[in-house]
Amino acid sequence: MLSLALAGKPNAGKSTFYTAATMADVDVANYPFTTIDANRGVSHARTRCPCLDLEERCGNCEDGKRYVPVELLDVAGLVPGAHEGRGLGNQFLDELTNADAIVNVVDAAGATDEEGQPVEVGAHDPIEDVDFVEEEMDMWLMGIIEDNWESVERRSRSPDFDLEETLTDVLTGFGATEADVSAVLRAFEYPPDPKNWDDEHREALAREMRAQTKPLLIAANKVDEAPAENLDRLLELDRMVEPTTADGELALRRAAEAGLIEYDPGDEDFTITGDISDQQRQGLQRVREAMAEYGGTGVQASLNAAVYDLLDHVTVYPVQDQSKWTDGQGEVLPDAFLLPRGSTPKDLAYAVHSDIGEGYLHAVDAREGREISDDHELEEGDVIRIVSTAQ
Ligand SMILES: Nc1nc2c(ncn2[C@@H]2O[C@H](COP(=O)(O)OP(=O)(O)OP(=O)(O)O)[C@@H](O)[C@H]2O)c(=O)[nH]1
Ligand SMILES: [Mg+2]
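Rules and cut-offs
Residues numbered from 1 in each chain as written. Chains lettered and ligands numbered in written order. Predicted model: local features only at pLDDT ≥ 70, side-chain atom pairs only at ≥ 80, totals over all residues. Heavy atoms only, no water. Helix = DSSP H or I, 4+ residues; strand = E, 2+ residues; numbered from the N terminus. Rg over C-alpha atoms; globule rule 2.2 N^0.38 Å. Buried < 20%, exposed > 50% of the residue type's maximum accessible area, 1.4 Å probe, protein only. Contact = heavy atoms within 4.5 Å. Areas by Shrake-Rupley, 256 points an atom, 1.4 Å probe, with all protein chains shown as cover. Lys, Arg positive; Asp, Glu negative; His and termini not counted. Charge placed at Lys NZ, Arg CZ, Asp CG, Glu CD. Phe/Tyr/Trp six-rings, centres within 6.5 Å; stacked < 30°, edge-to-face > 60°. Lys NZ or Arg CZ within 6 Å of the ring centre and 35° of its normal. Near = heavy atom within 4 Å. Polar contact = N/O pair within 3.5 Å; in protein donor to acceptor, adjacent residues only side chain to side chain. Nonpolar A, V, L, I, M, F, W, Y, C, P; charged D, E, K, R; others polar. Salt bridge = Lys/Arg side-chain N within 4 Å of Asp/Glu carboxyl O. Axes fitted to C-alpha atoms, helices over the stretch in contact; angles between N-to-C directions. Parallel < 35°, antiparallel > 145°, perpendicular 65-115°, else oblique. Left-handed = near helix turned anticlockwise from the far one by under 90°. Core = buried A, V, L, I, M, F, W, Y, C linked by side-chain atoms within 4.5 Å. Domains from an automatic or database assignment.

A. Local environment of the overall build of the protein. In terms of regular secondary structure, the protein is built from twelve helices and 13 strands. Against the 2.2 N^0.38 benchmark of 21 Å for 391 residues, the protein shows a C-alpha radius of gyration of 23 Å, consistent with a compact globule. Looking at the 391 residues of the protein, the share that counts as buried comes to 50%. For the protein, the proportion of contacts with a sequence separation of at least 24, taken over those separated by at least 6, is 65%. Carbon and sulfur atoms form 42% of the exposed surface of the protein, whose accessible area is close to 18,200 Å². Computing the positive centroid from 32 side-chain charges and the negative centroid from 82, the protein places the two 2 Å apart.

Structure (structure tokens):
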């Protein structure tokens, strides 16, 4: 499963975002909330369910809104200097190791200082919080590379030394693959002999590796309180920025669970359906105002941006019956897989099961009802029948 980590300063709203995004959604019954542990849960990317192209809804979506599971990690607050052990230090950088992408939750209201202590709204410039998470991660990785350089040099004396392979061994704990290492090595100039590398080379390697393996998105949180000018400046940055109100999303999910409103995560608005107090009405009205400005609370939009834009994945639906789009039990569109863009039918077969992958014969595009080539690049919403000796 894809894994997204929420990182950022203390008090930015990470746990609020996490709680809202991993809350049980009784309506999406096929993907029950799964607590892995306190800070590791299941959330979803939202996409258009292919059953909208059938006569009837499939039963695995919410009226055509399909929620595909992704892992979400709530990482404890980072402060500047964490890579040197400040605040709660390295432990939390270690927690980021498993993540495919990072959502840096920033307090766009500027109501907390650089250590996360509450200050007056607008007293702290949130732009300062944008860079430091990246900087901490880069410096942390730089530390790992420096600590291992002696062994890289030692291995370089062996006649069959391979830099790519050696660096992959060193960085695998950070989630780097050999493909990541070769992509990074191709992108910058460095001396062929590790003995001749200096700190600048190692720093460049650390920064490139971090960007390659842990791309980052900014959730400009607390938009309900944030001065408009802060939002404007954050949105002008040359980065992926999603305005959010995590608190607003949490209020909506709780109200929906209590049957007070109709709201599906990622909707632009909600409808009040239950008996609510004046106070509740006022609270919801404030959320609605923030939503009107940005087309929703931004929580679902952040998860979607991470999965579909930053990580560039597509949602693909394997089926066994190419005309009914069902599995062996007759369930319509039972599964949705997130695969990197560029994945082929065989990659999908392996994602379903390694046996299916090994026995792969060919694949059928169930929308068109015709066989597709083995190098066909899967697209968002593809419904695919895999023909395999292992079925
Ligand atoms: N106004 C407003 N407040 C929010 C929003 N999201 C979170 N908060 C508040 O910000 C405070 C901190 O939220 P948390 O979710 O605990 O922050 P955190 O980033 O997990 O903090 P640490 O665990 O200490 O790192 C709480 O009082 C939240 O209610 C938001 O969208 N708007
Ligand atoms: Mg927290």
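B. Up close: the packing of aromatic side chains. According to the stated counting rule, one finds five aromatic pairs in the structure shown. Ring geometry for Trp 149 against Trp 197: centres 4.7 Å apart, planes inclined by 40 degrees, an arrangement best described as tilted. Here the residue Trp 149 occupies a position in helix H3 (residues 127–156), and Trp 197 occupies one in the loop between helix H5 (178–187) and helix H6 (199–213), the gap between them amounting to 48 residues. A residue is classified by how much of its surface remains accessible, and Trp 197, at 5% relative accessible area, is buried. With a centroid separation of 5.5 Å and 50 degrees between ring planes, the pair formed by Phe 188 and Tyr 190 is classed as tilted. The exposure class of Phe 188 is buried, given its relative accessible area of 15%. Look at Tyr 190 and you get partly exposed, because its relative accessible area is 29%. What links up through ring pairs into an aromatic cluster is the set Trp 149, Phe 188, Tyr 190 and Trp 197. Stacked on the ring of Phe 174, the Lys or Arg Lys 214 has its end atom at 5.2 Å from the ring centre. Arg 288 extends its terminal NZ or CZ atom over the ring of Phe 270, reaching a point 4.2 Å from the ring centre.

C. Inspection of the site of ligand 1 at higher detail. Around ligand 1, 16 residues are found, and the nearest of them are Asn 11, Lys 14, Ser 15, Thr 16 and Asp 224. Residue Lys 222 places a side-chain N or O atom 3.2 Å away from an oxygen atom belonging to ligand 1. Within the backbone of Asp 247, a nitrogen or oxygen atom sits 3.3 Å from an oxygen atom of ligand 1. Contact with the protein chains hides 72% of the accessible area of ligand 1, taken as 660 Å² for the molecule alone. Sort the elements by how many residues they give to the shell around ligand 1 and helix H1 (residues 14–22) lands first, with three residues. Among the residues making up the shell around ligand 1, the classes are represented as three nonpolar, seven polar and six charged.

D. Molecular detail of the pattern of salt bridges. Counting across every chain of the model gives 25 salt bridges. For Arg 370, the salt bridge goes to Glu 368, with nearest N and O atoms at 4.0 Å. Assessed through its relative accessible area of 53%, Arg 370 is described here as exposed. Several salt bridges converge on common partners, so that one network encompasses Asp 131, Glu 134, Glu 135, Asp 138, Glu 203, Arg 207, Arg 210 and Arg 239.

E. Local environment of the packing of H5 against H6. Two numbers describe how H5 lies on H6: the axes approach to 10 Å, and their chain directions differ by 130 degrees. Here H5 is positioned oblique relative to H6, judged by the angle of their axes. Where H5 crosses over H6, the handedness of that crossing is right-handed. Here H5 contributes Asp 180, Val 181, Ala 183, Val 184 and Leu 185 to the contact with H6, which in turn contributes Leu 205, Glu 208, Met 209, Gln 212 and Thr 213. Tallied by class, the residues present in the contact of H5 with H6 amount to six nonpolar, two polar and two charged.

F. Representation of the environment of Val 307. Within the secondary structure, Val 307 sits in helix H10 (residues 299–310). When the C-alpha atoms of Val 307 and Arg 46 are compared, they prove to be 9.7 Å apart, with 261 residues separating the residues in sequence.

G. A look at the nonpolar core. Counting 36 residues, the largest nonpolar core has Leu 4, Phe 17, Leu 72, Val 307 and Leu 333 as its most contacted members. Within the residue set of this core, elements represented by two or more residues are strand E1 (3–7), H1, strand E3 (65–74), strand E4 (101–107), strand E5 (216–221), H10 and strand E9 (313–319). Inspection of this core shows a minimum of three residues originating in each of domain 1 (3–134 + 215–308) and domain 3 (314–388). Not counting the four nearest positions on each side in its chain, Leu 333 is found in contact with Cys 49, Pro 50, Cys 51, Cys 58, Asn 60, Arg 66, Tyr 317, Val 319, Trp 325 and Val 383. One finds Ala 82, Met 142, Ile 145 and Phe 188 within the second-largest nonpolar core, a separate group that totals 34 residues.

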